[in-house]
Amino acid sequence: MSKHRVSRRQFLSYTLTGVGGFMAAGMLMPMVRFAVDPVLKADKGGNFIPTKQKVADLTSDPVRVDFTFKQKDAWYESDVTNTAWVYKNDKGEIVALSPTCKHLGCTVGWNTDKRYPNQFFCPCHYGRYEKDGTNIPGTPPQAPLDVYPFKEKDGYLYLSQAKPRTGA
Amino acid sequence: MKWTPQDIEMYAKSKEYVDTVVISLFPVSFGQEMKQSASMSEFLTLLTNQLERLFTGRILTLPPFTYLKNGNNEQWLPLLKQWEKKLQEEEVKHIVYLTSDSDWKMNEAELEGTLIWMPSLPLETMDDSQKFTLVQSQVKQLQQLVTQKWQENE
Ligand code: FES
């Protein structure tokens, strides 16, 4: 699974180091990270998660779609809820955008600032994006909103992990 | 941004964009009120996390200010004042306190930061989707309060 895994014996010796080990903490920490990392990264990327959104109900107006899935870290599994802005573009194709601002990660809203209708707006430092997710020059974000891969199954929308937009 | 090493790294790099600090005030009680105080902290933790997600790039959530509940919050005031002083030195512009402990209302005038009181809701009696809807609606109100505050000061 991972190239950098510490050997089992090494790992055991770290775990057993105990209190005395605090002294060597500076040296120890980076190694422990290696040992823990593969677990942290074991999120189920690429899986499609069902949403409650019917594909037939989508219009050209972006709607907010929440979907929940399990995420595992080293200690426990927790429910994570993600959000997408979903609509059909002029060609009738589905577009599912991540609401996470590309500046510093606040959640953007659709049409929430009256001065700038039909744009995605970030309340934090007033970043703005066109409807298709393109960042508007002169506002803080330097990249377009991420895009969720999606698929349709039994009439419902399924979403996967958001990815930076390529090309465009 | 959260109080985690990853987020703090980000904070260090983009400090000029983060002008707001959120602190939740957690009363701890024993005996009869023990359960309620646990309920409060569960609720506030959820709220704070959600708020942080909405405003990741502009707020920093500090670890909760936790204190023993004994009828009078006067005695904790000097401690909070120290936090405030430090935060002001760090050039934090807005401090937001979130609490379900209504006693703080009496000390509101003495605090620099904005005190937001949220009624505590018994989440443990609800199923997940009820919980979600409810927290979502509370977060929405909170979100408005915070954006309002930002706008006032511009
Ligand atoms: S986080 Fe969106 S503009 Fe800064």
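Computed from a predicted structure; not experimentally measured.

Caption draft 1: Molecular detail of helix 3 (residues 77-89) of chain B. Residues and elements named next belong to chain B. Relative to the 18 Å expected for 13 residues at 1.5 Å per residue, helix 3 spans 18 Å between its end C-alpha atoms, a close match to the ideal helical length. For helix 3, the set of buried residues is Leu 77, Leu 80, Glu 84 and Leu 87. Within helix 3, the buried residues cover an arc of 85 degrees as seen down the axis, which keeps them to one side. Of the residues in helix 3, the exposed ones pointing more than 90 degrees away from the buried face are Gln 82 and Lys 85. Those residues of helix 3 hidden inside the fold are in contact with strand 1 (20-28), strand 3 (65-68) and strand 4 (94-99). With its phi angle positive at about 65 degrees, Glu 91 sits one or two positions after the end of helix 3.

Caption draft 2: Structural context of the interface of chain A and chain B. Facing the 14 residues of chain A at the interface are 16 residues of chain B. Put simply, chain A and chain B have zero salt bridges between them. Where chain A touches chain B, the interface holds seven residue pairs in polar contact (both at pLDDT 80 or more). Tallying contributions element by element places strand 3 (residues 77-88) of chain A first for the side of chain A that touches chain B, with three residues. Its residues placed into classes, the side of chain A that touches chain B shows five nonpolar, six polar and three charged.

Caption draft 3: Examining the sheet that holds strand 1 (residues 49-54) of chain A more closely. Residue and element names in this part refer to chain A. A sheet is described by the order of its strands in space; here three strands give the open sequence 1-9-8, paired in antiparallel fashion. Each edge of the sheet is formed by a strand with only one pairing partner; in this case those strands are strand 1 and strand 8 (150-153). Between one strand axis and the next, the sheet turns by 35 degrees as a mean value, whatever way the strands run. Across four bridges, strand 8 lies against strand 9 (residues 156-159) in antiparallel orientation. Paired with Phe 150 across the bridge in strand 9 is Leu 159.

Caption draft 4: Seen up close, the sheet that holds strand 6 (residues 120-121) of chain A. Residue and element names in this part refer to chain A. Taken in spatial order, the three strands of this open sheet run 5-6-7, and their pairing is antiparallel. In this open sheet, the two strands that pair with only one neighbour each are strand 5 (109-110) and strand 7 (128-129). The sheet contact formed by strand 5 and strand 6 spans two bridges and is antiparallel. Within strand 6, the position partnered with Trp 110 by the bridge is Phe 120.

Caption draft 5: Local environment of the pairing of strand 3 of chain B. Residues and elements named next belong to chain B. Here strand 3 shows a buried face lined by Phe 65 and Tyr 67 and an unburied face lined by Thr 66 and Leu 68. When strand 1 meets strand 3, the two strands line up parallel, connected through four bridges. Its bridge partner being in strand 3, Val 28 is matched across the sheet by Leu 68.

Caption draft 6: Fine view of unusual backbone geometry. With a phi angle near 60 degrees, A:Tyr126 is a residue other than glycine that sits in the positive phi range. With respect to the helices, strands and loops of the structure, A:Tyr126 is situated in the loop between strand 6 and strand 7. Of note in the backbone geometry, B:Glu91 takes a positive phi value of approximately 65 degrees without being a glycine. With respect to the helices and strands, the residue B:Glu91 is situated in the loop between helix 3 and strand 4.

Here is what the cut-offs are and how they apply
- Residues numbered from 1 in each chain as written.
- Chains lettered and ligands numbered in written order.
- Predicted model: local features only at pLDDT ≥ 70, side-chain atom pairs only at ≥ 80, totals over all residues.
- Heavy atoms only, no water.
- Helix = DSSP H or I, 4+ residues; strand = E, 2+ residues; numbered from the N terminus.
- Expected span 1.5 Å × (residues − 1).
- Buried < 20%, exposed > 50% of the residue type's maximum accessible area, 1.4 Å probe, protein only.
- Arc of directions from axis to C-beta.
- Contact = heavy atoms within 4.5 Å.
- Salt bridge = Lys/Arg side-chain N within 4 Å of Asp/Glu carboxyl O.
- Polar contact = N/O pair within 3.5 Å; in protein donor to acceptor, adjacent residues only side chain to side chain.
- Nonpolar A, V, L, I, M, F, W, Y, C, P; charged D, E, K, R; others polar.
- Pairing = 2+ DSSP bridges.
- Axes fitted to C-alpha atoms, helices over the stretch in contact; angles between N-to-C directions.

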